[in-house]
Amino acid sequence: MRVPASATGERIDRYLARALDLTRSQVQSLLRNGLATVNGTATKPSYLLRGEERIDYRVPTPAPTVLEPEAEPIRLLHQDEHLLVIDKPAGLIVHPGSGVRNGTLVNRLLHHHPEIASVGSPERPGIVHRLDRGTSGALAIARTDAAYRRLSQAFAEREVYKVYLAVVYGRPDPPSGTIELPIGRHPTVRTRMAVTPEARGGRPATTSYRVLGTGTGASLLEVELLTGRTHQIRVHCKAIGHPLVGDPAYGEHRWRALAPPVRRPLREFPRPALHARKLMLPSIAGAPPTSSTAPVPGDLQLLCAACDLAPSLPADETGR
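Colleague: Requested: an account of the overall build of the protein chain, with residues and values cited.
Modeller: Each helix and strand in the protein chain was counted, giving seven helices and 14 strands. The globule rule puts the C-alpha radius of gyration for 320 residues at 20 Å, and the 21 Å found for the protein chain is close to it. On the principal axes, the C-alpha backbone points of the protein chain span a range of 65 × 45 × 35 Å. Carbon together with sulfur atoms contributes 50% to the accessible area of the protein chain, which is approximately 15400 Å² in total.

Next up, the structure:
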């Protein structure tokens, strides 16, 4: 690949991680083992790009592994011959990785829908996008190679409509708007993301929001993702001064300043208060476009009730 002039001054490991959709540690391993070179010469991960260099790289094929099917339940929102839409519960990891081999959604899918085993990546069969472990709601799964290719294209080209519900601290003003702030890896905490200038590796990110209701110390937002960066809603909400309730990475302890009746529910909410409410997908393999809506889970309903936000919940979302 040829390095664009816009990448001048950027560390090579950061640039390649973004360009190849790899982690920084994976890229650093490639560089240290001579599997990625600059103008034919091995270089350090800290090398600063000058623009117009030629980077040659080879990403080794990972050794195949066997994922064990697990007979745990899944909740289907939509099913056809090419596609599944799952209502993922909070707390469930989507796919194996980072030492996690069992107890994921993929393990469950391999039991109920073994046909996905050969679709996409062996480590992430059928997976074309993901939700964080603590996020609940609608998630699309490809059942065929054709669906995998089409869905991957649709997500890359922003043909997918994704709407979330979020409970945040405070009252956003204005009550609706668009957040356009680039997001990149946090400079010191590598498991987190942060608002990062594009010159330092940040990628453009756009989120729109609308306040559905405001209660005691918190507001219920309807949020539309216009890009799909890691932790995008969580980072953007914090950036405008309204972090998600229950967020261990980007949240704040604002419950301390609130009245006792609402303090405990806010303090003890065990996850980021974020739910993937609606997922609208384009036509897959000639089938009509689909729209799936995931009911609001019980824990989020209880949180909204404690904060006087329950009347703001969409009527077709309650009742699970």
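Colleague: Break down the sheet that holds strand β2 (residues 41-42) for me, with residues and values.
Modeller: Reading across the sheet, the three strands line up as β2-β1-β3 and stay open at both edges, with antiparallel pairing between neighbours. Lying at the two open borders of the sheet, with one neighbouring strand each, are β2 and β3 (55-57).

Colleague: Account for unusual backbone geometry, with residues named and values stated.
Modeller: Look at the link from Asp-173 to Pro-174: it is a cis peptide, with omega at 10°. The backbone phi angle of Asp-308 is positive, close to 60°, even though this residue is not glycine. Relative to the elements of secondary structure, Asp-308 occurs in the segment after α7 (298-306).

Colleague: Please give an account of helix α2 (residues 24-32) that cites residues and values.
Modeller: For α2, the complete set of buried residues consists of Arg-24, Val-27, Gln-28, Leu-30 and Leu-31. Along α2, the residues classed as buried sweep out an arc of 155° about the axis, all on the same side. Check the buried side of α2 and you find it contacts α1 (12-20) and β1 (36-38). A positive backbone phi angle near 70° is found at Gly-34, which sits one or two residues after α2.

Colleague: Any chance you could break down a nonpolar patch on the surface for me, citing the residues and the numbers?
Modeller: A cluster of nonpolar side chains, Met-1, Tyr-57 and Val-59, forms an exposed patch at the surface whose accessible area comes to about 240 Å². The topology assignment puts Val-59 in the loop between β3 and β4 (76-79).

Colleague: So what about the pairing of strand β7 (residues 161-169)? Which residues, and what values?
Modeller: Walk down a regular strand and you will see the side chains alternate between the two sheet faces. For β7, the tally of buried residues reaches eight of nine residues, placing the bulk of the element in the interior. For β7 and strand β13 (residues 274-281), the ladder comprises six bridges, and the chain directions are antiparallel. From the neighbouring strand, Lys-162 faces β13, where its bridge partner is Leu-279. Pairing geometry for β7 and strand β12 (residues 218-225), over eight bridges, is antiparallel. Bridge pairing links Val-167 to Leu-220 in β12.

Colleague: Mind laying out the pattern of salt bridges, listing which residues take part and the relevant values?
Modeller: According to the stated counting rule, one finds 18 salt bridges in the structure shown. Notably, a salt bridge pairs Asp-13 with Arg-24, separated by 3.1 Å at the nearest N-O pair. Here Arg-24 lies in helix α2 and Asp-13 lies in helix α1, a separation of 11 residues in the sequence. You'll find Asp-13 and Arg-24 in the same group, each marked buried. Arg-54 is the salt-bridge partner of Asp-56, the closest N and O atoms lying 2.9 Å from each other. Each of Arg-130, Asp-132, Arg-234 and Asp-247 takes part in one network of salt bridges that share partners.

Colleague: Any details on α1? Residues and values, ideally.
Modeller: By the burial criterion, the buried members of α1 are Ile-12, Asp-13, Tyr-15, Leu-16, Ala-17 and Leu-20. Along its buried surface, α1 packs onto α2, β1 and β3. Two residues or fewer after α1 comes Asp-21, characterised by a positive phi angle close to 55°.

Colleague: Kindly report on the packing of α1 against α2, identifying the contributing residues and their values.
Modeller: At a closest axis distance of 8 Å, the pairing of α1 and α2 adopts a crossing angle of 115°. Judged by the twist between their axes, the crossing of α1 over α2 is right-handed. Counted together, Ile-12, Asp-13, Arg-14, Leu-16 and Ala-17 of α1 and Arg-24, Val-27, Gln-28 and Leu-31 of α2 form the full contact between these two elements. Within the contact of α1 with α2, the residues separate by chemical class into five nonpolar, one polar and three charged.

Colleague: So what's going on with the environment of Ser-118? Residues and values would help.
Modeller: With respect to the helices and strands, the residue Ser-118 is situated in the loop between α3 (105-112) and β6 (136-142). Of the residues examined, Ser-118 reaches a relative accessible area of 58% and is grouped as exposed. The sequence separation of Ser-118 and Pro-265 amounts to 147 residues, and the corresponding C-alpha distance is 44 Å.

Colleague: I'd like a description of the nonpolar core, backed by residues and values.
Modeller: Leu-109, Ile-141, Tyr-164, Leu-221, Val-223, Ile-233 and Leu-244 are the most contacted members of the largest nonpolar core, which has 28 residues in total. Elements supplying a minimum of two residues to this core: β5 (83-88), α3, β6, β7, β11 (206-214), β12, α5 (232-239) and β13. It is α3 that provides the largest number of residues to this core, a total of four residues. Not counting chain neighbours up to four residues away, the residues in contact with Val-223 comprise Lys-162, Val-163, Tyr-164, Ala-166, Thr-207, Ser-208, Tyr-209 and Ile-233. Counting residues in hydrophobic clusters, the runner-up holds 19 residues, among them Tyr-169, Ala-218, Val-262 and Phe-269.

Colleague: Outline the side chain of Thr-43, listing residues and values.
Modeller: Within the secondary structure layout, Thr-43 lies in the loop between β2 and β3. The residues contacting Thr-43, other than those within four sequence positions of it, are Ile-12, Leu-31 and Val-38.

So, how was this worked out
Residues numbered from 1 in each chain as written. Predicted model: local features only at pLDDT ≥ 70, side-chain atom pairs only at ≥ 80, totals over all residues. Heavy atoms only, no water. Helix = DSSP H or I, 4+ residues; strand = E, 2+ residues; numbered from the N terminus. Rg over C-alpha atoms; globule rule 2.2 N^0.38 Å. Areas by Shrake-Rupley, 256 points an atom, 1.4 Å probe, with all protein chains shown as cover. Pairing = 2+ DSSP bridges. Buried < 20%, exposed > 50% of the residue type's maximum accessible area, 1.4 Å probe, protein only. Arc of directions from axis to C-beta. Contact = heavy atoms within 4.5 Å. Patch = residues over 30% accessible without salt bridge, like charges linked within 9 Å, V, L, I, M, F, W, Y side chains within 5 Å. Salt bridge = Lys/Arg side-chain N within 4 Å of Asp/Glu carboxyl O. Axes fitted to C-alpha atoms, helices over the stretch in contact; angles between N-to-C directions. Left-handed = near helix turned anticlockwise from the far one by under 90°. Nonpolar A, V, L, I, M, F, W, Y, C, P; charged D, E, K, R; others polar. Core = buried A, V, L, I, M, F, W, Y, C linked by side-chain atoms within 4.5 Å.

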